[in-house]
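# Chain and residue survey
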Amino acid sequence: MSPFWMLVKRDLRIAVREGAAIGTVLGFYLTVVALMPLGLGPDSQLLSRIAPGVLWIGLLLAAQLSLGQLFEADQDDGVLEVLATGPLPLELVAAAKSFAHWITTGIPLTVMVPLLGVLPVLVATAIIGTPAISFIGSIGAALTLKTRRSGVLTALLVLPLYIPTLIFGISAVTAVVAPPGNLGSSLLILLATTLAALALAPIAAAAALRAHLG
Amino acid sequence: MSSPGARLELVVDDLTVERGGRTVISGLSFVVKAGEVLVLTGHNGAGKTTLLRTLAGFIAPVRGSLSLTGSDADRALGEQLHYVGHANGIRSSLTVAENARFWASFLGGSSTETDAALERFGIDTCPPAKSGASGSPACCSPSALSGCSTSRRPHSMPPRPRSSLA
């Protein structure tokens, strides 16, 4: 097994042992989706117009709940330093951790979405868009590595980078809920954004980590 | 520690390192041969940890060179040294054995050697789960060191008081 997959497997094992994150993420999303119509009133026209935005913003916020601490535990344990001098380039270390994070947040969220009776297109956009959230978020996590209580700071730092994912995720869902709209091209651009994030975010995150280590 | 290369030498030549605009190490040169132990002593802020972190590759020196003669030329210096930092490199939600096995295989060692090393240091029976760090320090440091002995790295650099190396 290559070091990359060893690291992913280790992070998954730790996530399972330490437990809390998946439940928090799903519970948060459930709360958002359930409370929105209650809070905004029964005007179904209004709700159907804002539903795509609300559902997607909920996904974004839920997925990045635990993102700020992506590297923190490893930094505290001294694990990060050994990883940095290991056979795996730091970029791939960041990618492995982002990937493991996606598996423990993005995938459960995507699975939960149809259970809430929500649209299949939302599932498609979730599967395509949530990896971008995990990967882009790793940049914020790396930048705020040694900052205490950095959760909100992380979110603010990378918020602009989430915007393309958000816009095209919402526009894809809107195309189905409130046509006309261009479903195909929204999905494709969403996919392109995610692929760009997968390729570039680890590089930025690794650069930030190196700055902290040195 | 296990030493696959018996004629390795760590050579540091005219090393100068700056931290935060201040020159911490200036014109330092030394050679450490296989089997030797170099102990750095000095007051706080003298630059001991800085030197170790420079050797590990975290800090780029301003001037000077570091090399490991007789070693694999393809790998960076930091990859062939085992930097044992202030923390243990142990995750408390994994058992001691799981931690050691991960490090050994991640860093290119073998699992049979790992199990043998765990036994040799007497930590194969360390209590499982959540006790990786709540085990006594005697339990934790051997875990870090067994990671050293099972991965194929010829040099080990622990920045800790001499007493805890015993």
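Residues numbered from 1 in each chain as written. Chains lettered and ligands numbered in written order. Predicted model: local features only at pLDDT ≥ 70, side-chain atom pairs only at ≥ 80, totals over all residues. Heavy atoms only, no water.

### Some thoughts on the packing of helix H2 (residues 20-40) of chain A against helix H6 (residues 90-115) of chain A
Residues and elements named next belong to chain A. Contact geometry of H2 with H6 gives a least axis separation of 10 Å together with a crossing angle of 40°. The angle between the axes of H2 and H6 places the two elements in the oblique class. Where H2 crosses over H6, the two elements pack in a sense that is right-handed. Taken together, the residues of H6 that come into contact with H2 (itself represented by Ile22, Val25, Leu26, Tyr29 and Leu30) are Thr104, Thr105, Pro108, Leu109, Met112 and Val113. Considered class by class, the residues forming the contact of H2 with H6 number 9 nonpolar, 2 polar and no charged. (Axes fitted to C-alpha atoms, helices over the stretch in contact; angles between N-to-C directions. Helix = DSSP H or I, 4+ residues; strand = E, 2+ residues; numbered from the N terminus. Parallel < 35°, antiparallel > 145°, perpendicular 65-115°, else oblique. Left-handed = near helix turned anticlockwise from the far one by under 90°. Contact = heavy atoms within 4.5 Å. Nonpolar A, V, L, I, M, F, W, Y, C, P; charged D, E, K, R; others polar.)

### Some details on the confidence of the model for chain A
Averaged over every residue, the pLDDT of chain A is 87; residues scoring 70 or more account for 99%. By mean pLDDT, the top-scoring element of chain A is helix H9 (residues 183-213) of chain A (94), and the lowest-scoring one is helix H3 (residues 44-63) of chain A (84). (pLDDT = per-residue confidence, 0-100.)

### What about the interface of chain A and chain B?
Frequently, the measure chosen for interface size is the accessible area removed from exposure when the parts meet. Contacts between chain A and chain B engage 24 residues on the former and 25 residues on the latter. With both chains or domains summed, chain A and chain B bury close to 2,200 Å², and 60% of this area falls on carbon and sulfur atoms. At the surface where chain A touches chain B, the tally comes to 3 salt bridges. Put simply, glutamate 98 of chain B and arginine 13 of chain A hold a salt bridge, and the shortest N to O gap is 3.5 Å. In this structure, the connection of chain A to chain B is made through 4 residue pairs in polar contact (both at pLDDT 80 or more). (Buried area = accessible area lost by both parts, 1.4 Å probe. Salt bridge = Lys/Arg side-chain N within 4 Å of Asp/Glu carboxyl O. Polar contact = N/O pair within 3.5 Å; in protein donor to acceptor, adjacent residues only side chain to side chain.)

### Some details on the layout of surface pockets
Size it by volume and the second largest pocket reaches roughly 470 Å³. Lining the second largest pocket are 19 residues, and of these Ala15, Glu18, Ser66 and Gln69 of chain A together with Arg91 of chain B lie nearest its centre. At the level of secondary structure, the elements contributing two or more residues to the lining of the second largest pocket comprise helix H1 (3-18), H2, helix H4 (72-77) and H6 of chain A. It is H6 of chain A that contributes the most residues to the lining of the second largest pocket, 5 residues altogether. In terms of residue class, the lining of the second largest pocket is built from 8 nonpolar, 6 polar and 5 charged. (1 Å grid on protein atoms, 1.4 Å probe; cavity = no way out; pocket = protein on both sides within 12 Å on 5 of 7 lines; lining within 4 Å. Points joined across faces, edges and corners; volume = space filled by probe spheres on them.)

### Considering the sheet that holds strand E2 (residues 22-33) of chain B
Residues and elements named next belong to chain B. Strand order in this open sheet of 3 strands is E2-E1-E3, and the pairing throughout is antiparallel. If you trace the sheet from one side to the other, it starts and ends with E2 and strand E3 (63-69), each paired once. Neighbour-to-neighbour, the strand axes of the sheet open up by a mean angle of 15°, direction not taken into account. Looking at chain direction, strand E1 (residues 9-19) and E2 are connected through 8 bridges and run antiparallel. Across the sheet, valine 17 pairs through a bridge with isoleucine 25, a residue of E2. Relative to E1, helix H1 (residues 48-56) is tilted by about 115°, and along the sheet it contacts E1, E2 and E3. (Pairing = 2+ DSSP bridges.)

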